[in-house]
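Residues per chain, in single letters:
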Amino acid sequence: MSNSAVPSTVASNPAMPGAFAGLPLDRPQIMGIVNATPDSFSDGGQFFGSSAAAIEHGLELAEQGASILDVGGESTRPGAEPVSLKEELARVLPVVEALARAGHCVSIDTRHAEVMRQAVAAGAGIINDVTALQGPGSLEAAAELQRPVILMHMQGEPQTMQQAPRYTDVVAEVAAFLKARAQACLSVGLAADQICLDVGIGFGKTLAHNLSLLKHTSQLLTLGYPLLVGASRKSFISKIDRDLPADQREAGTLAAHLAAMQAGAQIFRVHDVAAARQGFAVWQAVQYAD
Ligand code: 9MG
């Protein structure tokens, strides 16, 4: 069965828009992670040809089945230090430009309004903001740029967010936050079909919080927006299965994403695109078997 022949997995919610950024949501969409950061493309500690390597990596991910390429120049990992605006722009712009020129749908992973503006001018079609457009000028920039946005929930700041995450009811609190941020986008003139929500796995959450959010993804569907999940290689996986390093968390990533898919998520942000594509295709084929 070809992938395009597989029927919808998520058509059960009538409020769900049928597409996001021109991508049909009746099948899982894979967002491939393109880190334009020096530590992502190093050779034994020696930084080389960073933009070229990131572009090549993005092209490979598209070849493997990514329908969105998410380009980021500032690490948001727990404990990560911020980079200057100048440095972030220098890292992402050549990569965004080359991948967009090659015809790919590119999202810009940034929390800075100026990076949003310049990345969209360079060809980015989607804004992916882990701060849900709460930064100075970000909401206004998104409204002016009129590009689809991914609004993610985070408690705290990347440097300190994993120190003591606290919620009374994590699913309800994340849902309320995302609802308010979607409302803020509508109020500045973005259309409902330009909004995608993301619970922010690993961003100011304990293992138990992450698992509840994955298990209860369906509760977020009632907000009426497409849902993106990004569990790829995150540390909660190693809390469940030994202390495995990030590059050995592929199977755990797929399991988390399949659970979220079953609960209604449609877009998945991953490092390992080929594995995600195969896992999703098999899962769907079983769903629609006789
Ligand atoms: C940039 N980034 C890192 N993790 C992410 C996640 O889970 N979701 C989104 N939207 N962006 C993320």
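To be clear, the structure that these remarks concern was listed above.
Definitions and cut-offs
Residues numbered from 1 in each chain as written. Predicted model: local features only at pLDDT ≥ 70, side-chain atom pairs only at ≥ 80, totals over all residues. Heavy atoms only, no water. Helix = DSSP H or I, 4+ residues; strand = E, 2+ residues; numbered from the N terminus. Rg over C-alpha atoms; globule rule 2.2 N^0.38 Å. Buried < 20%, exposed > 50% of the residue type's maximum accessible area, 1.4 Å probe, protein only. Contact = heavy atoms within 4.5 Å. Lys, Arg positive; Asp, Glu negative; His and termini not counted. Charge placed at Lys NZ, Arg CZ, Asp CG, Glu CD. Near = heavy atom within 4 Å. Polar contact = N/O pair within 3.5 Å; in protein donor to acceptor, adjacent residues only side chain to side chain. Areas by Shrake-Rupley, 256 points an atom, 1.4 Å probe, with all protein chains shown as cover. Nonpolar A, V, L, I, M, F, W, Y, C, P; charged D, E, K, R; others polar. Expected span 1.5 Å × (residues − 1). Bend = angle between axes of the 7 residues up to and from the residue. Pairing = 2+ DSSP bridges. Axes fitted to C-alpha atoms, helices over the stretch in contact; angles between N-to-C directions. Right-handed = clockwise from strand over helix to strand, strands pointing away. Salt bridge = Lys/Arg side-chain N within 4 Å of Asp/Glu carboxyl O.

1. A few points about the overall build of the protein
Here is step 1 of the chain: Within the protein, the regular secondary structure consists of 10 helices and 12 strands.
Here is step 2 of the chain: In terms of overall size, the protein behaves like a compact globule, its C-alpha atoms giving a radius of gyration of 18 Å where 290 residues would be expected to give roughly 19 Å.
Here is step 3 of the chain: In terms of overall dimensions, the protein has a C-alpha envelope of 50 × 40 × 40 Å along the principal axes.
Here is step 4 of the chain: In the protein, which comprises 290 residues, the share counted as buried stands at 52%.
Here is step 5 of the chain: For the protein, the share of sequence-separated contacts (at least 6 apart) that also reach a separation of at least 24 residues comes to 69%.
Here is step 6 of the chain: For the protein, the separation between the mean place of its 20 positive charges and that of its 28 negative charges on side chains is 4 Å.

2. Some thoughts on unusual backbone geometry
Here is step 1 of the chain: Located in the positive-phi region is Ala21, a residue other than glycine, with phi close to 55°.
Here is step 2 of the chain: With a phi close to 55°, Arg233 is a non-glycine residue in the positive phi region.
Here is step 3 of the chain: Here Arg233 is to be found in the loop between β11 (227–229) and α8 (235–240).
Here is step 4 of the chain: Arg233 gets classed as partly exposed once you look at its relative accessible area, which sits at 25%.

3. A closer look at the side chain of His209
Here is step 1 of the chain: By the element assignment, His209 lies in helix α6 (residues 207–215).
Here is step 2 of the chain: When near neighbours in sequence (up to four residues on either side) are disregarded, His209 contacts Pro165, Arg166, Tyr167 and Val170.

4. With respect to the site of the ligand
Here is step 1 of the chain: With respect to spatial proximity, the complete set of residues near the ligand consists of Thr76, Asp109, Asn128, Val130, Ile150, Met152, Asp198, Phe203, Leu228, Gly230, Lys234 and Arg269.
Here is step 2 of the chain: A distance of 2.5 Å separates a nitrogen atom of the ligand from a polar atom in the side chain of Asp198.
Here is step 3 of the chain: Here the ligand, which alone exposes 310 Å², has 96% of that area covered by the protein.
Here is step 4 of the chain: Taken together, the residues of the shell around the ligand sort by class into 5 nonpolar, 3 polar and 4 charged.

5. Re helix α2 (residues 85–101)
Here is step 1 of the chain: With 17 residues, α2 should cover 24 Å at 1.5 Å per step; its first-to-last C-alpha distance of 23 Å lies within 8% of that length.
Here is step 2 of the chain: At Val92, α2 shows its largest bend, some 30°, and a proline, Pro94, comes one to four positions later.
Here is step 3 of the chain: Within the sequence span of α2, burial applies to Glu88, Leu89, Arg91, Val92, Leu93, Val95, Val96, Ala98, Leu99 and Ala100.
Here is step 4 of the chain: Packing partners of the buried residues in α2 comprise β3 (29–35), α1 (50–64), β6 (68–72), β7 (106–109) and α3 (113–121).

6. Some words on the environment of Gln134
Here is step 1 of the chain: By the element assignment, Gln134 lies in the loop between β8 (126–129) and α4 (138–145).
Here is step 2 of the chain: Take Gln134: its relative accessible area is 48%, and that puts it in the partly exposed class.
Here is step 3 of the chain: Through-space distance from the C-alpha of Gln134 to that of Leu151 is 9.6 Å; in sequence the pair is 17 residues apart.
Here is step 4 of the chain: For Gln134, the residues in contact, after removing those within four places along its chain, are Asp129, Phe177 and Arg181.

7. Considering the sheet that holds strand β12 (residues 267–270)
Here is step 1 of the chain: Pairing is parallel in the closed barrel, where 8 strands are placed in the order β3-β6-β7-β8-β9-β10-β11-β12. For this sheet the average axis-to-axis angle between neighbouring strands, irrespective of direction, equals 25°.
Here is step 2 of the chain: Bridge analysis of β7 against β8 gives 3 bridges, and the strand direction is parallel. Bridge pairing in β8 links Ser107 to Ile126.

8. Regarding the pairing of β8
Here is step 1 of the chain: Because side chains alternate across β8, one face comprises the buried residues Ile126 and Asn128, and the other comprises Ile127 and Asp129, equally buried.
Here is step 2 of the chain: In this region the chain leaves β7, passes through α3 and returns to the parallel neighbour β8; the handedness of that crossover is right-handed.
Here is step 3 of the chain: Alignment of β8 against strand β9 (residues 149–152), held across 3 bridges, turns out to be parallel. Considered in β9, the bridge of Asn128 is made with Ile150.

9. A word on the pattern of salt bridges
Here is step 1 of the chain: Enumeration over the complete set of coordinates arrives at 9 salt bridges.
Here is step 2 of the chain: A salt bridge links Arg111 to Glu74, with the nearest nitrogen and oxygen atoms 2.9 Å apart. With Arg111 in the loop between β7 and α3 and Glu74 in the loop between β6 and α2, this residue pair connects regions lying 37 residues apart in the sequence.
Here is step 3 of the chain: Look at Arg111 and you get buried, because its relative accessible area is 13%.

That's the geometry; what it means functionally is another story.
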